[in-house]
Amino acid sequence: MPEPTSNGMQCNEFDALLADAIDGVLSGAQLDRFQAHARTCAACGPLLADAEAGRSWMKELSQIEPPVGLVESILASTTGIASDRLLSPVRPSQAQVSWLERSRAWLASTIDPFWATVRQPRFAMSFGMAFFTLSVALSVAGVKPTDLRQVSLRPSAIRRTYYSTHARVVRYYDNIRFVYELQARVRELKRDVSPVQPGSDKAPAKEKERKNDTTQEPEQKQERNYSQTENAVVLASAPLGPSVNDLPVVSVTTYRRLV
Amino acid sequence: MEDVQVVAMLVRRCISGDAAAWEEIVRTYNRRIYNICYRFAGSGDDAQDLTQEVFIKMYRTLSTYDSSKGAFSTWVTTITRNLLVDHFRKTKQDRLTDSIDSTASEHEDALPLSEQIQDQSAPPDAHVRSREVSQTVHSALGKLSPELREAVILRDLQDMDYREIAAVLKVPEGTVKSRINRGRAELARLLQRTYRQVM
Ligand SMILES: [Zn+2]
C-alpha cells in the first residue's frame, strides 16, 4: 500500500467500482481508497449500504419451477410433432372444458361499458362489417376453434386483449383500414398458430425471404429500449410479431357477437 | 457454463431437423427463460406466454445463431430480453387503461407493499416466512424501472457476468454496472420503507 492516506477518489470513480466492490474483487490500495470514500462521502456511503442490501434482498428470490406442461406446449407449438404424443392434459383441458362458461361470467362483469359503445348504430355497423369479414376470413383460412389450442383464455389474457382491442376499435372504428387490420391479423394468426414448418430453418430460399422481412431481422441488430414510443400503430402493414397473446382477439370478439 | 461444442452440435442437429435435439434445447433452457420472464413481467401467466414466444422465435431463427459471436445462452437471453421489451411496450397501453378503470384488480400485486405485509401476520414457520419475503421482494422488483429491473435480474438471479449482460442489453459494461448499482439500491430503499412502516 503505497499511499494509504491519499484519498483522491471522486464519486464517479466510486460508482464505477461499486459493483466490483460488492463482488469482493477489489483489493489493495484501490479497496482502501474505495472504503475511505465510502466513510467520508455523504452520498456514496449510503449508496454502498443500499446496494449491498439490495443484493441481499435479491438473494431471497429463488428459482421457480415452470408450470407443468410448459415444455410439451412449447414443443407442440414449434415442431408440432409432440402435440399428440406429449401434450399435457393440464392446460388444454382447462382451457377447453369450460372456457365458454368462464368467459361468459367474466365478460358479463367487464363488457358493459364496452357494450354500451358497441350499441351505437354507427359503431355497430362498422363492427358488424368487421366481424363479417373476419368470419369469412377465418373460414377461408380454415381456422377452426380446435386450431386455437394455444389460445390463452385466462381472464388476465382476455382482459389484456379486451383493452387492446377496445383501444384500437375506438380509434379506427369508422375506418375501413380496421377491416384490413383484422384480415392481416388473421393471416398472422394462422401463421403463428400453425406449427413452424420443420426444416424451414435450413431452407436457404426461405432464409433469404426472412432476411428481407424486417420482423425477422436478427435480434442483434435491433436496438430496443423501453421508452421508445409506440403509439403510431401501423395497421394492415403492421408487422405484428409472433404473438400468441393476440390470438384471443378472434375468440373473444367472435364470442361477443353471440352474446 | 455451457459446453460450447455440445451446444453447437445440438444447434446443428436442430437445424437439420432433429426433433430430439430441439426437445433437449427446450428442456435445457425453459427454466431459465421462464424465470427471467416471471421476474421481469411479474405474473406466472405472462411468463408462460412469453416463454412460449421466446421458443417460437428461437425455433424460427436458430439458423442465425453464430457461435463465434457469443455463447448460446447469451443469444437465448437476448431473444428473451427483446421480447420482454416488446411485451413491456405493448402492455403499457393496457396499464394506462387499467389505472383509469376504477374496478380494482383482483391481483394482490395491486396492493401497496405495506398492506401486503400487514396481511401476512404471524407467519407459522420459517418456510412460509421465506416465501412471504420472496413474494415481497418480487413485488418490489416489479416497481423498479424496466432498465434497472432487467439489469438486476440478469446479474443477481441469472448470475451472468457484466460482459454478457452488456452484450444482451447492448450498452457498455460501465452502464450495466451503474444500472445494477442503482437497481439494487432502489430495491433496498423500497423494501426498507416497507419494513419500517410495518415494524
Ligand atoms: Zn462520493
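Remember, predicted model here, so these are calculated numbers, not experimental data.

Asker: Tell me about the overall build of chain A, and name the residues and values.
Answerer: From N to C terminus, chain A includes 12 helices and zero strands. The linear arrangement of helices and strands in chain A, starting from the amino end, is α-α-α-α-α-α-α-α-α-α-α-α. Among the 259 residues that make up chain A, the fraction classed as buried is 45%.

Asker: Break down the coordination of the zinc ion for me, citing the residues and quoting the values.
Answerer: Octahedral metals with six donors have ideal donor angles of 90 or 180 degrees. Tetrahedral metals with four donors have an ideal donor angle of 109.5 degrees. All names here are of chain A. Here the zinc ion is held by the protein donor atoms Cys11 (SG), His37 (NE2), Cys41 (SG) and Cys44 (SG), which lie 2.1 to 2.3 Å from it. Each of the four donor atoms around the zinc ion contributes to a set of angles spanning 102 to 113°, which defines the coordination as tetrahedral. Along the chain, the residues donating to the zinc ion fall in the pattern C-x25-H-x3-C-x2-C. On the criterion of sequence distance, the pair formed by Cys11 in helix H1 (residues 11-23) and Cys44 in helix H3 (residues 44-58) is long-range, its members being 33 residues apart. Cys44 sits in the buried class, given a relative accessible area of 5%.

Asker: Tell me about the packing of aromatic side chains, and please be specific about residues and values.
Answerer: Residue and element names in this part refer to chain B. Counting across every chain of the model gives eight aromatic pairs over all chains. Both rings, one in Tyr34 and one in Tyr38, keep their centres 6.3 Å apart while their planes meet at 5°; by these two values the pair is stacked. Taken together, the residues span about one helical turn, with Tyr34 and Tyr38 both in helix H2 (residues 19-41) at a distance of four residues. Neither Tyr34 nor Tyr38 differs from the other in exposure class; each is buried.

Asker: Which residues make up the nonpolar core, and what values do they have?
Answerer: If you look at the biggest cluster of nonpolar residues, it comprises 64 residues, and the most contacted ones within it are B:Trp22, B:Ile25, B:Met58, B:Phe72 and B:Leu187. The greatest single-element share of this core, amounting to 11 residues, is contributed by H2(B). Not counting chain neighbours up to four residues away, the residues in contact with B:Leu187 comprise A:Gly54, A:Trp57, A:Met58, B:Val137, B:Ala140, B:Leu141 and B:Leu144. In terms of nonpolar packing, the next biggest core, distinct from the first, is built from 14 residues, A:Ile22, A:Ala38, A:Leu48 and B:Ala185 among them.

Asker: Run through the confidence of the model for chain A, naming residues and quoting values.
Answerer: Residues and elements named next belong to chain A. Per-residue confidence for chain A gives a mean pLDDT of 62; residues scoring 70 or more make up 29%. Put simply, helix H12 (residues 248-258) is where chain A has its lowest mean pLDDT, 36, and H3 is where it has its highest, 96. Residue range residues 1-6 is modelled with pLDDT below 50. Its contacts to residues more than four positions away, or to other chains, number four contacts. Segment residues 82-98 is flagged for pLDDT under 50; beyond a separation of four residues in sequence, or across chains, it makes 24 contacts in the model.

Asker: Give a detailed account of the pattern of salt bridges, specifying residues and quantitative values.
Answerer: For the coordinates displayed, the defined rule picks out 13 salt bridges over all chains. Measuring nitrogen to oxygen at the nearest pair gives 3.6 Å for the salt bridge that ties B:Arg89 to B:Asp86. Taken as a pair, B:Arg89 and B:Asp86 lie in helix H4 (residues 72-100) at a separation of three residues, close to a single helical turn. On the accessibility criterion, B:Arg89 (11% relative accessible area) is buried. Three or more residues are tied together by salt bridges with common partners; here these are A:Asp50, B:Glu186 and B:Arg189.

Rules of the game
Residues numbered from 1 in each chain as written. Chains lettered and ligands numbered in written order. Predicted model: local features only at pLDDT ≥ 70, side-chain atom pairs only at ≥ 80, totals over all residues. Heavy atoms only, no water. Helix = DSSP H or I, 4+ residues; strand = E, 2+ residues; numbered from the N terminus. Buried < 20%, exposed > 50% of the residue type's maximum accessible area, 1.4 Å probe, protein only. Donors = N, O, S within 2.8 Å, 3.2 Å for Na, K, Ca; no water. Tetrahedral: all angles 85-135°; square planar, octahedral: opposite > 155°, others 65-115°. Phe/Tyr/Trp six-rings, centres within 6.5 Å; stacked < 30°, edge-to-face > 60°. Core = buried A, V, L, I, M, F, W, Y, C linked by side-chain atoms within 4.5 Å. Contact = heavy atoms within 4.5 Å. pLDDT = per-residue confidence, 0-100. Salt bridge = Lys/Arg side-chain N within 4 Å of Asp/Glu carboxyl O.

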